[in-house]
Amino acid sequence: MNVSMWMIAQALKKYDCTVDIKEGSPCIRGVRFLAQQDFISPDMVYIGASNDFYGDRSTQGVFCCCRGDNLYITGEYQQDVFNDILSMLDRYSRWEFDSLACITSGQDLQALLDCSKNLPAMYLAVVERGGRVCSSCHTAGPEPAAFYDTGNGTYLCLDALEKIRIRASRKEAFYIPELSMYCRDLYDGPHRIGMLLLKSEEIIYPECMLQLASQISAQINRWISMHPDREELLLNANILQPLLIEQPEPACMEDFRCYLHQAGWKPFIRKILYLIQPGTDSSKKRAERRLREALPQAIVTDSVKGIVVLADLNLCPKQLLDRTLHEMQSYWNCRYGESYPFTRLDELYVCFRQAELALHSSCCENGTHTPELLEYFCELVRMRTTADLYH
């Protein structure tokens, strides 16, 4: 792994160090003592006394130089500085090796974050775009105050999520001063699916944190590309399943309302629900993956009755939904049923039943409705009225 002069300055912070860094790009792969006969390699940091570089014997100290970036350390610590830089390069290389081994061996996201024990002490969290913490690792200090535990998982508080959204959808790492945290968006192709958050009391150079965020996020993006069925970063599909019953638990419904709010869904915007059945079991996973790629703002979950898609029509226009589902019909011989648009979340079960009935039934040629459709309308009346007697 290549490192930068900012990372080296961080590793040498225990010394009395003067920093003069103009470029500071991560281009360094090794360290050498400066010798007169040496060819100066642009990917090495060179260490020597002041007279080795400038012929000035009046200044006592250690110089570290690379591509015009300089560190000056007061005192005669050449061997110590050399060993500290060598140890830092070894730690970063070990992190890169462990991360790649973790990715190629098929381990989960948590195992990948745990490799950060070789990096400077910090708090790391991968957060999907709805605010749920998928995985986290902290090697020093408590969990930041911006996170809270609901009992069903850890979430980024709504105020913090809004501050990130203002600056989100960038291709580079950025700092959030209100949270004293660094952020790097995570992408699956063109779609932003989450973010990496970092906080450290140990790292004193902001440029070092920004570069670390980019390096770590690159490994996470590599993990994402090799694990298309990743459960950790999917929009929290499992939270929908307990609501697809006639009388869901109130706590589950409240968690779901909170989750949708954090994910940017407005309470009274129209929603729609689909139930999709691929032609074969073997095509189900591929169809589910395609739906997640094409509809990144929707919630896609697997159920015993088929693939369930819940979409906010403000975030997922109906034209996009129709086009995607017609494509599913063509490529995977899928059948699907859709609900009428609705706004209230307590109608989820009724809309699920409607989509299920639409999937399995249709209108007769003479225009009369099947008994299954009549059953749905009766259920809709019972849900929306307070009458004591139905006939």
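Right, let's walk through the structure included here. The model shown is predicted, which means the values in this text are computed figures rather than measured ones.

### Describing the sheet that holds strand E5 (residues 69-74)
The strands making up a sheet associate through backbone hydrogen bonding, with each pair oriented either parallel or antiparallel.
Then, in step 1: Taken together, 5 strands build an open sheet; the order of strands is E1-E5-E4-E3-E2 and the sheet is mixed. Only two strands of the sheet have a single neighbouring strand rather than two, namely strand E1 (17-20) and strand E2 (30-33). The average angle at which neighbouring strand axes cross in this sheet is 20°, direction not considered.
Then, in step 2: One ladder, built from 4 bridges, connects E2 with strand E3 (residues 44-49); its direction is parallel. Note on E3: the bridge partner recorded for Gly 30 is Met 44.
Then, in step 3: Against the sheet, helix H3 (residues 78-104) makes contact with E2, E3, strand E4 (61-66) and E5, and its axis sits at roughly 165° relative to E2, the strand it touches most.

### Brief notes about the pairing of strand E7 (residues 133-138)
Then, in step 1: With 5 bridges joining them, strand E6 (residues 123-128) and E7 adopt antiparallel strand pairing. Following the sheet pairing, Val 126 is matched in E7 by Ser 135.
Then, in step 2: In textbook terms, the turn of a hairpin is the stretch between consecutive antiparallel strands, and for E6 and E7 this stretch comprises 4 residues, one of which, Gly 131, has a positive phi near 100°.

### A short note on helix H9 (residues 318-332)
Then, in step 1: Spanning 15 residues, H9 covers 21 Å between terminal C-alpha atoms, matching the ideal 21 Å at 1.5 Å per step.
Then, in step 2: Burial in H9 covers these residues: Leu 321, Thr 324, Leu 325, Met 328 and Trp 332. Within H9, the buried residues cover an arc of 95° as seen down the axis, which keeps them to one side. For H9, the exposed residues lying more than 90 degrees away from the buried face are Gln 319, Arg 323 and Ser 330.

### Some details on the packing of aromatic side chains
Then, in step 1: Across all of its chains, the model carries 7 aromatic pairs by this definition.
Then, in step 2: Consider the rings of Tyr 123 and Phe 147, whose centres lie 5.4 Å apart with planes at 55°: the pair is tilted. Note that Tyr 123 is positioned in strand E6 and Phe 147 in strand E8 (residues 147-149), a separation of 24 residues in sequence.
Then, in step 3: Judged by its relative accessible area of 2%, Tyr 123 is buried.
Then, in step 4: Judged by centre distance (4.7 Å) and plane angle (45°), the ring pair of Tyr 175 and Tyr 182 falls under tilted.

### Some thoughts on the pairing of strand E11 (residues 181-188)
Then, in step 1: Extensive coverage of E11 is indicated by the burial of 7 of its 8 residues.
Then, in step 2: Both strand E10 (residues 174-176) and E11 contribute to a ladder of 3 bridges, which runs antiparallel. Note on E11: the bridge partner recorded for Phe 174 is Cys 183.
Then, in step 3: In this structure, the hairpin formed by E10 and E11 is closed by a connection of 4 residues, where Ser 180 is found at a positive phi of approximately 50°.

### Considerations on the sheet that holds strand E14 (residues 299-303)
Then, in step 1: Taking strand neighbours across the sheet as the criterion, the 4 strands line up as E14-E15-E13-E16 in an open arrangement whose pairing is antiparallel. Each of the sheet's edge strands pairs with one partner strand only, and the pair in question is E14 and strand E16 (335-338). Strand-to-strand twist of the sheet, defined as the mean angle between neighbouring strand axes without regard to direction, takes the value 20°.
Then, in step 2: In the sheet, strand E13 (residues 271-277) pairs with E16 via 4 bridges, with the strands oriented antiparallel. Residue pairing for E16: Leu 275 is matched across the bridge by Gly 337.
Then, in step 3: Its contacts with the sheet put helix H8 (residues 284-294) on E13, E14 and strand E15 (306-312), and the angle it makes with E14 is roughly 165°.

Thresholds, definitions, all that
- Residues numbered from 1 in each chain as written.
- Predicted model: local features only at pLDDT ≥ 70, side-chain atom pairs only at ≥ 80, totals over all residues.
- Heavy atoms only, no water.
- Pairing = 2+ DSSP bridges.
- Helix = DSSP H or I, 4+ residues; strand = E, 2+ residues; numbered from the N terminus.
- Axes fitted to C-alpha atoms, helices over the stretch in contact; angles between N-to-C directions.
- Contact = heavy atoms within 4.5 Å.
- Expected span 1.5 Å × (residues − 1).
- Buried < 20%, exposed > 50% of the residue type's maximum accessible area, 1.4 Å probe, protein only.
- Arc of directions from axis to C-beta.
- Phe/Tyr/Trp six-rings, centres within 6.5 Å; stacked < 30°, edge-to-face > 60°.

Remember that the coordinates give geometry; whether it matters functionally is a separate question.
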